[in-house]
Amino acid sequence: AGNLHFGREAAIQAARDRFYRGDIAERIGKFVAAEGGFLTRDDLARFSVDVEAPVRTTYRGYDVFGCGPWCQGPVALETLAILEGYDLRALGHNSAPALHLILEALKAAFADRERFYGDPTFVDVPIDGLLHPEYAATWRNRIDRERAAPGMPAPGDPWPFAARSRPDAAPFLPPQPLAAPVKADTSYLCVVDEAGNAFSATPSDGVGASPVVPGLGFVVSDRGVQSRLDPAHPSAIAPGKRPRLTPNPGLIMRNGRVVAPYGTPGGDVQPQAMVQFVVNLIDFGMDPQAAIEAPRVATYSFPGSFHPHA
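Bear in mind that the values here come from a model prediction, so they are computed numbers and not experimental data.

1. Let's talk about the overall build of the protein
On a plain count of helices and strands, the protein comes out with ten helices and six strands. Against the globule reference of 19 Å for 310 residues, the protein gives a C-alpha radius of gyration of 21 Å, in line with a compact fold. For the protein, the proportion of its 310 residues judged to be buried stands at 44%. Counting contacts in the protein only where the partners sit at least 6 residues apart, residues at least 24 apart contribute 64% of the total. With the model as given, the accessible surface of the protein reaches about 16500 Å², and the carbon-plus-sulfur share is 57%.

2. Digging into the sheet that holds strand β5 (residues 250-254)
Ordered by their spatial adjacency, four strands build an open sheet running β1-β2-β5-β6, and the pairing between neighbours is antiparallel. At either end of the open sheet lies a strand with only one pairing partner, and these are β1 (55-59) and β6 (257-262). Between one strand and the next, the sheet's axes are offset by a mean angle of 25°, whatever the strand orientation. The sheet contact formed by β5 and β6 spans five bridges and is antiparallel. Bridge assignment links I252 to a residue of β6, and that residue is A260.

3. A short note on a nonpolar patch on the surface
Together, L189, V191 and F199 make up a nonpolar patch on the protein surface, roughly 260 Å² of accessible area in all. Structurally, the position occupied by L189 is in strand β3 (residues 189-192). Relative accessible area serves as the criterion here: at 40%, L189 is assigned to the partly exposed category.

4. A short note on the nonpolar core
Counting 47 residues, the largest nonpolar core has Y59, L83 and L88 as its most contacted members. Within the residue set of this core, elements represented by two or more residues are β1, β2 (62-66), α4 (73-83), α6 (96-116), α8 (133-142), β6 and α9 (270-283). Among the elements that take part in this core, α6 stands out by supplying ten residues, more than any other. Counting residues in hydrophobic clusters, the runner-up holds nine residues, among them Y20, I24, A25 and V220.

5. Notes on the pattern of salt bridges
What the rule picks out here adds up to 15 salt bridges. R46 is paired through a salt bridge with D42; the nearest N and O atoms lie 3.0 Å apart. Placement of the pair is R46 and D42 together in helix α3 (residues 41-46), with a separation of four residues, close to one helical turn. Its relative accessible area of 45% is what places D42 among the partly exposed residues. R56 is the salt-bridge partner of D63, the closest N and O atoms lying 2.5 Å from each other. The network of salt bridges with common partners includes E26, K30 and R41.

6. Describing the packing of α4 against α6
Contact geometry of α4 with α6 gives a least axis separation of 8 Å together with a crossing angle of 135°. In this view, α4 runs oblique relative to α6, as classed from their interaxial angle. Remark: the crossing between α4 and α6 carries right-handed chirality. Residue-level contacts link V75, E78, T79, I82 and L83 of α4 to L101, I102, A105, L106, A108, A109, F110, D112 and R113 of α6. Taken together, the residues that form the contact of α4 with α6 break down as ten nonpolar, one polar and three charged.

7. Some remarks on helix α2 (residues 23-34)
Here α2 contains twelve residues, and its C-alpha end-to-end distance of 17 Å stays within 8% of the 16 Å for a straight helix at 1.5 Å per residue. Turning to α2, its buried residues number three or more, namely I24, A25, I28, G29, F31 and V32. On an axial view of α2, the arc spanned by its buried residues comes to 165°, and they lie on one face. In α2, the exposed residues that point more than 90 degrees away from the buried face are K30, A33 and A34. For α2, the elements touching its buried residues are α1 (8-21) and α3.

Thresholds, definitions, all that
- Residues numbered from 1 in each chain as written.
- Predicted model: local features only at pLDDT ≥ 70, side-chain atom pairs only at ≥ 80, totals over all residues.
- Heavy atoms only, no water.
- Helix = DSSP H or I, 4+ residues; strand = E, 2+ residues; numbered from the N terminus.
- Rg over C-alpha atoms; globule rule 2.2 N^0.38 Å.
- Buried < 20%, exposed > 50% of the residue type's maximum accessible area, 1.4 Å probe, protein only.
- Contact = heavy atoms within 4.5 Å.
- Areas by Shrake-Rupley, 256 points an atom, 1.4 Å probe, with all protein chains shown as cover.
- Pairing = 2+ DSSP bridges.
- Axes fitted to C-alpha atoms, helices over the stretch in contact; angles between N-to-C directions.
- Patch = residues over 30% accessible without salt bridge, like charges linked within 9 Å, V, L, I, M, F, W, Y side chains within 5 Å.
- Salt bridge = Lys/Arg side-chain N within 4 Å of Asp/Glu carboxyl O.
- Core = buried A, V, L, I, M, F, W, Y, C linked by side-chain atoms within 4.5 Å.
- Parallel < 35°, antiparallel > 145°, perpendicular 65-115°, else oblique.
- Left-handed = near helix turned anticlockwise from the far one by under 90°.
- Nonpolar A, V, L, I, M, F, W, Y, C, P; charged D, E, K, R; others polar.
- Expected span 1.5 Å × (residues − 1).
- Arc of directions from axis to C-beta.

Next comes the structure, spelled out in structure tokens:
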């Protein structure tokens with residue numbers, strides 16, 4: 001607006017209003033309609049981001065925060081809660097016994113992701129039970145230290161550790177493996193300022209499966225592919241429901257002070273790499289660069305987040 005001078009907040013609001021309510025929204029709506037899609041200008045105008053409390057666990061005296069079960073954020077936290085009951089340091093960095101426990105704990109958390117995760121606005125997710133220390137102990141009782149689970153284990157039962165009773169739900173049907181390529185994705189960004197404020201974000205979207213809006217230079221999100229079509233699944237697609245995203249930025253704190261924002265690219269490997277970074281940093285005392293650069297492992301013993309599910 002040529003001769004108008006906005007303050008910073010008003011300028012940000014004006015930019016947002018133009019994107020979601022103005023001419024940009026109009027062009028997006030017309031393009032999606034022409035392509036046979038469902039997103040409308042009215043959808044854009046009604047959209048807003050909620051400010052939500054993070055989920056958290058403690059790991060060897062550190063507070064580790066993540067996003068809620070509308071994404072896969074709790075996977076890393078549940079895995080760490082399980083791993084806290086093992087002396088990984090005594091086993092040795094990247095030793096076979098240590099990596100075995102890390103992978104089996106990840107399989108446990110991914111099994112619970114498949115059974116329970118979905119947009120908590122629509123789905124009753126027992127997140128307090130999933131992250132409860134006593135529930136983590138039930139998984140340790142199931143993990144065989146000498147033998148790997150051959151696939152995704154059956155999910156656990158976190159409801160006895162949740163602060164409310166179990167809702168009626170469809171019985172769990174183990175997913176059938178499908179042959180499909182593994183898809184990589186995602187960017188990650190973090191900043192810490194001189195006052196110790198930390199910003200951790202995974203501002204990611206695909207650019208290979210969705211067309212660029214002519215004249216605007218960006219794609220309309222194709223993250224809807226991370227919803228499921230099975231109506232009994234907690235991540236089933238529904239109007240206004242968030243797909244269960246892979247992006248899941250995190251934050252490590254101790255005694256109220258920031259230790260590190262952390263996150264990574266990698267689709268379903270994101271929480272796996274994040275867990276190993278935390279273990280390298282805390283259990284093995286590595287500096288951040290070494291903790292990032294150390295070799296990592298990954299499991300794929302669960303249905304992938306993208307369709308078709310590898």
